[in-house]
Amino acid sequence: MAKAPRSGRSKTRLCPPLTLDDAAALSAAFLRDTTANIQEAARAAPIAAYAAFAPPGAEALVIPHLARGTDLVLADGSVTTAAQVEGFGRCLLQAVQGMLAHGHAAACVLSSDIPTLPTRLLIQAARILLEPGERGVFGACDDGGYYILGLKQAHARLFADIAWSTDTVAEATRARAREIGLDLVELEPWYDVDDAASLARLAADRTGYAAPATRSVLARLARASELVPA
């Protein structure tokens, strides 16, 4: 899920400690690393990379920050969806519908705030979805949200009546899956970067995907902070 990196519009929960310009630069690096990570996973599993963007016409703001070979799919929430699917849920559902419409056997919506997600989890998600039988793949975040949801069908109920941007998103999604009888295969949890505490964790963490673009921005910010008088 790709939001165009713009100062004052991107990763504002990281300000402070970051400036608005630095937060936008980090957001751009997250997009680069996330899509590069998908491309890396595609070397081991049949994966096609997409960036779900909004609003229409924002392609030029998103494309420069994507790894080569990443296609676009519109996810502005403007399509007609099932009742009770609102807000960000409409964007997620539209992204799934758009990718499935391209003829893929399954589709995953993936956070772009997880630059260090281990590549093996993307490979694992694809392989699980390509096994026979109906199922979904789900990866929860430490803050109660989720970083990935993979589906073979666009089950609108999974996106209905969800209080987005809260710590109940993952559990509510599990509950919706139980309601419709969908088996959700859970991957190991990971963390997304959306506040000062998770930014500090990212800076100290050396596990998972190498995230070179993100590490480059963090190194520049660290050098800059050393030059600021205390």
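In this report, the structure presented in the accompanying data block is examined. Remember, it's a predicted structure, so these values are computed and weren't measured experimentally. (Residues numbered from 1 in each chain as written. Predicted model: local features only at pLDDT ≥ 70, side-chain atom pairs only at ≥ 80, totals over all residues. Heavy atoms only, no water.)

A few words now on the overall build of the chain. A count of helices and strands for the chain gives seven helices and six strands. Helices and strands appear in the chain in the N-to-C order α-β-α-β-α-β-α-β-β-α-β-α-α. Compactness check: the chain gives a C-alpha radius of gyration of 17 Å against a globular reference of 17 Å for 230 residues, within 12% of the reference. Seen along its three principal axes, the alpha-carbon backbone of the chain occupies a region of about 60 × 35 × 35 Å. Per-residue burial over the chain gives 51% buried out of 230 residues. Carbon together with sulfur atoms contributes 55% to the accessible area of the chain, which is approximately 10700 Å² in total. With 22 positive and 25 negative side-chain charges, the chain shows a spacing of 4 Å between the two charge centroids. (Helix = DSSP H or I, 4+ residues; strand = E, 2+ residues; numbered from the N terminus. Rg over C-alpha atoms; globule rule 2.2 N^0.38 Å. Buried < 20%, exposed > 50% of the residue type's maximum accessible area, 1.4 Å probe, protein only. Areas by Shrake-Rupley, 256 points an atom, 1.4 Å probe, with all protein chains shown as cover. Lys, Arg positive; Asp, Glu negative; His and termini not counted. Charge placed at Lys NZ, Arg CZ, Asp CG, Glu CD.)

With that settled, the discussion passes to the pairing of strand 4 (residues 136–140). Buried residues dominate strand 4, accounting for five of its five residues. Both faces of strand 4 are covered, namely the face carrying G136, F138 and A140 and the face carrying V137 and G139.

Right, let's get into the side chain of K152. Summarising the element assignment, K152 is placed in the loop between strand 5 (146–151) and helix 5 (169–180). It is E134 that comes nearest to the buried, bridge-free K152 among opposite-charge side chains, at 5.6 Å. A polar contact of 2.4 Å, which involves the side chain of K152, links it to the backbone oxygen of E131. Reaching out from K152, the side chain makes a polar contact with the backbone oxygen of G133 at a distance of 2.5 Å. Filtering out sequence-adjacent residues up to four positions away, K152 remains in contact with L100, A105, A106, L129, E131, P132, G133, E134 and R135. (Salt bridge = Lys/Arg side-chain N within 4 Å of Asp/Glu carboxyl O. Polar contact = N/O pair within 3.5 Å; in protein donor to acceptor, adjacent residues only side chain to side chain. Contact = heavy atoms within 4.5 Å.)

Here the focus is the environment of A210. As for its placement among the helices and strands, A210 is situated in the loop between helix 6 (196–204) and helix 7 (212–227). Exposure remark for A210: the relative accessible area of 56% places this residue in the exposed category. Considered as a pair, A210 and A172 are 38 residues apart in the sequence and their alpha carbons are 32 Å apart.

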